[in-house]
Structures are given as C-alpha cells and as structure tokens.
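Structural overview
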Amino acid sequence: MRTAKLRTVHPVLWAGWAALAAGAVLCVIGWYGVSGERFAERQLPYLASCTVPGAALIVAGAVLLSHGRDARAAARVEELYGLLVAAEADGDDASGSAAAPVAVSGRTLMVPGGTLWHRADCPLVAGKEQALPVDDRLLAEGALAPCPICEPDTAEG
C-alpha cells in the first residue's frame, strides 16, 4: 500500500548534489586558469584556490550523497515498520481468537503450470483470466498442493 504523502528529498541529498556541482565548477575554473599560464609558479594559485578545493567538494558531495541515501532508506524502513505495527494492531481481536480466513469460497481454481490449487476468492488467483477449475486427476496424483494463503480443504476439490 502506497501512502499519499509526497516523497521529499532528504536535505543531505540536496547538500551532496550542491557540493558536487560546486566542486565541478571549481575544478573547471582551476583547469582553465592553469591551462592559460605557462610557468608553474603562476599555475599554483589556481591549483590552491580552485582545483584542490573543488576536488575536496566533490569528495564531500559523494560522502553526503551516500549518507543521504542511507538515511532515506532507513526512513523508509521505519515507515514500513510503522505500517506493519499498525496492521497488526488492527488485526488483533479482543477475544484473542484466530484471524478470519483470507478466502471462504467453495469453488477451487488452479493456474495452468502452477503447483498450487486455490479457493476461487483467493487473492493469488482472484481476477486472473487464465485460472481454471481444478482437475481432480491432478489432485489425486498429488501434483497440486493446497495454497498456504487460502488453505482449501481436500474435500472441497
């Protein structure tokens, strides 16, 4: 289930991209300045003021992007965990009885080439046009196993 809230970009990612861009611009400026000077003593100021800080900004940007993606992944894991806990809390009964079955239909279906047989309203086959009624011969041979989601009884086949 997807949430309706907008996915925002983590501020660390913005800082990483900005540092990468600034570092690239500084490296280009430094290269342009160095390429225009013939003597090494005139090239050193461009190296010291543009190229070296530009390279440092590129490294810092890469580190920030790496950290930002890890933080975003951790935030997604926390969000999914929150959804899981909320779903478990909604599924708890006051009586402590087992949850209602996923599917209750008496008709059974199978998907050609599949290894399971299902109730007709099982979420794994519901709405699939290629689902066929279960062949009793396949059930007798043991070629099909009951679906672990809808748990059809052998007496229903």
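Summary of the structure given here. (Residues numbered from 1 in each chain as written. Predicted model: local features only at pLDDT ≥ 70, side-chain atom pairs only at ≥ 80, totals over all residues. Heavy atoms only, no water.)

Some thoughts on the sheet that holds strand 3 (residues 132-133)
Note the cut-off: At least two DSSP bridges between two strands are needed for those strands to be called paired. Secondary structure follows DSSP: runs of H or I at least 4 residues long count as helices, runs of E at least 2 residues long count as strands, and numbering of each begins at the N terminus.
Across the sheet, four strands lie side by side as 3-1-2-4; this open sheet has mixed pairing. Single-partner strands in this sheet number two, and they are strand 3 and strand 4 (145-146). By the bridge criterion, two bridges tie strand 2 (residues 116-119) to strand 4 in an arrangement that is parallel. Within strand 4, the residue paired with Trp-117 across the bridge is Pro-146.

Some words on the pairing of strand 2
When strand 1 (residues 108-110) meets strand 2, the two strands line up antiparallel, connected through three bridges. In the strand pairing of strand 2, Thr-108 is matched with Arg-119. In this structure, the hairpin formed by strand 1 and strand 2 is closed by a connection of five residues, where Gly-113 is found at a positive phi of approximately 85°.

Quick notes on the side chain of His-118
Basically, it comes down to this: Every residue pair with non-hydrogen atoms within 4.5 Å of one another is taken to be in contact.
Mapped onto the elements, His-118 comes out in strand 2. Those residues in contact with His-118 that sit more than four places away from it in its chain are Arg-107, Thr-108, Leu-109, Leu-124, Val-125, Cys-147, Cys-150 and Pro-152.

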